[in-house]
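This is what each chain is made of:
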Amino acid sequence: MSSISPQEIKEEFFKSKMGLAGIAILGTLILISIITMIAIPVETFQQWNNPGNWISYPKVAVPIWVNFLNTEKIPEHSILESPNIQTNSNGEISLTSHQFGINFNYNDFPNDFIYLFSSEYVGSPLLQMSVIRPDGIKLELISMSLPHSNIKTIHSERIFSTDDVIKKNLSLQSDNFSFNLDRLSAEDIVFSKTQTNEPLKGNYIFSIDTYSIKSETRMIESKLIIGGKAFGIMGTDELRRDLAVGLLWGTPLALFIGLVVSIASVVAGLLYGVYAGYKGKKTDETMMRFNDVIYALPALPFLIILSVTISNSIFVMVGFLMIFGWVGIAKVARSMSLQIKTRGYVEAANMMGQKDSKIVLKHIIPQLLPYAFASIAISVPAAITTEAGLSFLGLGDPSFPTWGQILHDANTFGAASRGLWWWIMPPGVMIAITGLAFVFIGNALDAIVNPKLKR
Amino acid sequence: MKRYVATRAVTMFGVLMITLLITISLVGSNMDVILKQGIVFQVRAEITENPAIADSFSSVSEFEEFVQNQINQRYEILGLDEPWYSPQRVGFTMYKILLLDFGHATFLTSDAGSSDVKDIIFEKLPRTILLFTTATIIISIIGIFLGALSASKVGSIVDRLTSSFAIISSSFPVWWIGMLMIFLFSFTYQIFPARATPDIPPSDPGYILSLLYHMTLPLITIVMIGFGSWAYLVRNFMVGIMQEDFIMAKKTIGINQKKIVYSHALKNAAPPIVTILALSLSGSLGGAIITEAVFDWPGMGRLYFEAITVMDLPVIIGSTYILTVFFLIGIFIADLLYGYFDPRVRTGT
């Protein structure tokens, strides 16, 4: 243990490519975290396990950028929220017309389409939904009256393409198509060429007309969802969740877990070990015996039992991880302080009658700081992977899902054997990159602190 | 030396007891509730099976009182009338566990159909040992050779590759690589089965072969992730030793490099390597929990995971105990080896 000044460490560190790479990755991750925390509110993220929040998203959709790599274009999931609104009043009857235009340019049929609305009305308005195709054919989809009401009322409904009425209406218009419509679903007919059952590319206009008598119907919400097979930059999972949200929010969480656990365990281990080594004799003996006991506890089984029986809150889990984190550091810190203790200035300070706490804090700990920083960086990946492992087993905090939990869900739904690569790859890559950043920084520091390894 | 062994052994036994005590205190209250519910269920079932008992009572309250009496009697026989944390019950439970009497599992059974926790554990244990011991041995062989090779040519391509591979592989979780391997070799290229549980009964003569076939994918994964850091470790030990004076002296005499590396330096690096081998062998058993869950390997790890999922407390306690015992044996052996190789440790300076 030679003493190196902080200035030297800094200089050496910035010479090491590995250290710089680590700092660069870490900087990017911190940037991602900050942007995420500003852009995506925590409340949205805490709805992760609430299926109702994700209902308008598609199931297991691939990321949209796949379309740039393939020639076969996979239909993108689109949620159309701003229709072209026209109102027409002709004496007693008033008409509200909502039109959604969509440019359909893919080589496959969409999964489904859903019209979602809520309207305010009196009486019993009539709602008609039709679609004008690129080839000019107009297909009537549904014609229904909203439930009757004498007073002003608000009614919300979803019209699904799987609705039997739509199917029936389409089969009434089967003259337009030169093939049998019997076994096809509504979206396969609406978006099909007339000659063969292949997707017809071009502009489609879905129009929803509401007729009401004597009073006007006001649409409060009006949304058309064309269910595709590609969505977002990261795709979605089996439960329709946007994986980008989970992955982005996982970054600050992983950094939080890794840094808090490793800083706290290193500080605790350092103080414990240095104190034991400095005091020596009986104190050292008892403290190291206790250390041995914790060291010999099998960590993972215990973490599992603790999280099952006590709590799986992310903050409590951080505490559990600390219990097992400080032991190794304490051992090394003790042996280092045994060496430093014999140095002249420590003995001098001791003879001058300085307090033990002061000697430990002022004279011994500063000598160990470079080592402490290196061990903080090196122990971060272990903390992150352990937490990910626990979450992977399904023991994580459901209100703050981490990358491990995304992988847990992927494993539960058999993503690996179904080939859903976008569900498995990104979370693991993120765990690995985060770990790598700290391993790089730690190794670069370690090489400076222990010059023997470098050579 | 004797004193050293004795203190270590006493510490280890102490740790074992503490582990047991912590486990029992963590799951004790749950266990109590489950046991009591079991008894209530049992009594009610017996009474419904025998309608004559119910008929012999004139009023409902009388009947309920009789049922309650029956339940209380059984509580007393099993000692459940005292709280689970009473010293008597904890002591008795610990004594039974020490003798490997873990009682009966609540939900899980062994492949042969026995619900005795001891049977279940001793059926799964050999498979875990088979997989992880094989993996550790392969890892250490590759690691030692690669480590020695890179230590003999510090700064060479081999050395740099080994070091960077070690650093990169150490930050990947094994189980995630496992999922990727399943994705690659079971889904994309259908070479190996995705589930590592053999699909034929253990009595079949082809069982061993099938087991080995199913073992390949997990084995490759564990070795792939493990050998890098081993090689790096061995390399660092060796580099340290290669700078020692006696090696320098040998070099100046003119003994060839290969001989120095493989016989003299490796021999001196042996103590820490052997120590770490003992540690990682026992440590791998704990890490088995997640890896086995991914590959569905029918060993202790998966058993533990299943037991946690359905909260099968006797199995949890039993497996924790067995895992701890193995872990402690590993640490104990490592300690002894360390003390044997390095005399400073046992004199206690």
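The rules behind these values
Residues numbered from 1 in each chain as written. Chains lettered and ligands numbered in written order. Predicted model: local features only at pLDDT ≥ 70, side-chain atom pairs only at ≥ 80, totals over all residues. Heavy atoms only, no water. Contact = heavy atoms within 4.5 Å. Buried area = accessible area lost by both parts, 1.4 Å probe. Salt bridge = Lys/Arg side-chain N within 4 Å of Asp/Glu carboxyl O. Polar contact = N/O pair within 3.5 Å; in protein donor to acceptor, adjacent residues only side chain to side chain. Helix = DSSP H or I, 4+ residues; strand = E, 2+ residues; numbered from the N terminus. Nonpolar A, V, L, I, M, F, W, Y, C, P; charged D, E, K, R; others polar. Expected span 1.5 Å × (residues − 1). Buried < 20%, exposed > 50% of the residue type's maximum accessible area, 1.4 Å probe, protein only. Core = buried A, V, L, I, M, F, W, Y, C linked by side-chain atoms within 4.5 Å. pLDDT = per-residue confidence, 0-100. Patch = residues over 30% accessible without salt bridge, like charges linked within 9 Å, V, L, I, M, F, W, Y side chains within 5 Å. Areas by Shrake-Rupley, 256 points an atom, 1.4 Å probe, with all protein chains shown as cover. Pairing = 2+ DSSP bridges. Axes fitted to C-alpha atoms, helices over the stretch in contact; angles between N-to-C directions.

Observations concerning the interface of chain A and chain B
- Listed as interface residues are 46 residues of chain A and, on the opposing side, 48 residues of chain B.
- Summing both partners gives a buried area of about 4100 Å² for chain A against chain B, and 78% of it is carried by carbon and sulfur.
- One can count zero salt bridges joining chain A with chain B.
- Counting every contact that joins chain A to chain B gives two residue pairs in polar contact (both at pLDDT 80 or more).
- Secondary-structure elements contributing two or more residues to the side of chain A that touches chain B are α8 (281–296), α9 (299–309), α12 (356–392), α13 (403–412), α14 (415–418) and α15 (421–449) of chain A.
- The residue makeup of the side of chain A that touches chain B, split by class, is 32 nonpolar, nine polar and five charged.

Section: α15 of chain A
- With 29 residues, α15 of chain A should reach 42 Å at 1.5 Å per residue; the first-to-last C-alpha distance of 41 Å fits that figure.
- Counting buried residues along α15 of chain A, 24 of its 29 residues qualify, which places the element largely inside the surrounding structure.

Notes on the nonpolar core
- I304, L407 and I424 of chain A together with W175, M238 and Y304 of chain B are the most contacted members of the largest nonpolar core, which has 143 residues in total.
- Of the residues forming this core, the biggest block, 15 residues, is contributed by helix α8 (residues 207–242) of chain B.
- Leave out the neighbours within four places in its chain, and Y304 of chain B touches P301, I304 and I305 of chain A together with I289, I316, S319, T320 and L323 of chain B.
- L141, I189, F191 and I226 of chain A belong to the second-largest nonpolar core, a separate cluster that totals 36 residues.

A look at the confidence of the model for chain B
Residues and elements named next belong to chain B.
- Across chain B, the average pLDDT comes to 80, with 96% of residues at or above 70.
- Within chain B, the lowest mean pLDDT, 60, falls on helix α13 (residues 343–347), and the highest, 87, falls on helix α5 (residues 117–152).
- Overall fold confidence (pTM) sits at 0.81, and the ipTM for the predicted complex is 0.79.

Points about a nonpolar patch on the surface
All names here are of chain A.
- Where nonpolar side chains cluster on the molecular surface, the patch consists of L259, I263, V267, L271 and L361 and spans about 400 Å² of accessible area.
- No other element matches the four residues that helix α7 (residues 243–279) contributes to the nonpolar patch.
- Tracing the backbone shows L259 in helix α7.

As for unusual backbone geometry
Residues and elements named next belong to chain B.
- With phi around 65°, L100 is a residue other than glycine that occupies positive phi space.
- Locating L100 in the fold gives a position in the loop between α4 (87–98) and α5.
- A positive phi is found at D296, a non-glycine position, where the angle reads about 60°.
- As for its placement among the helices and strands, D296 is situated in the loop between α10 (257–295) and α11 (300–310).

Some details on the sheet that holds strand β4 (residues 112–123) of chain A
Residues and elements named next belong to chain A.
- On the basis of which strands lie adjacent, the open sheet formed by four strands has the order β1-β9-β4-β7 and antiparallel pairing. The sheet terminates laterally at β1 (78–80) and β7 (149–160), the two strands that pair on one side only. Pairwise comparison of adjacent strand axes, ignoring direction, gives a mean angle of 10° for this sheet.
- Here β4 runs beside β7; their pairing, made up of nine bridges, is antiparallel. Each residue of the ladder has a partner; that of I114, found in β7, is F160.

Some thoughts on the sheet that holds strand β2 (residues 84–90) of chain A
All names here are of chain A.
- The strand order β2-β3-β8-β5-β6 describes an open sheet built from five strands, whose pairing is antiparallel. The open sheet terminates on both sides in strands that have one partner only, identified here as β2 and β6 (138–145). Averaged over all pairs of adjacent strands, the angle between their axes in this sheet comes to 15°, without regard to strand direction.
- For strand β3 (residues 93–104) and strand β8 (residues 202–213), the ladder comprises twelve bridges, and the chain directions are antiparallel. Looking at β8, one finds that H98 is bridged to I208.

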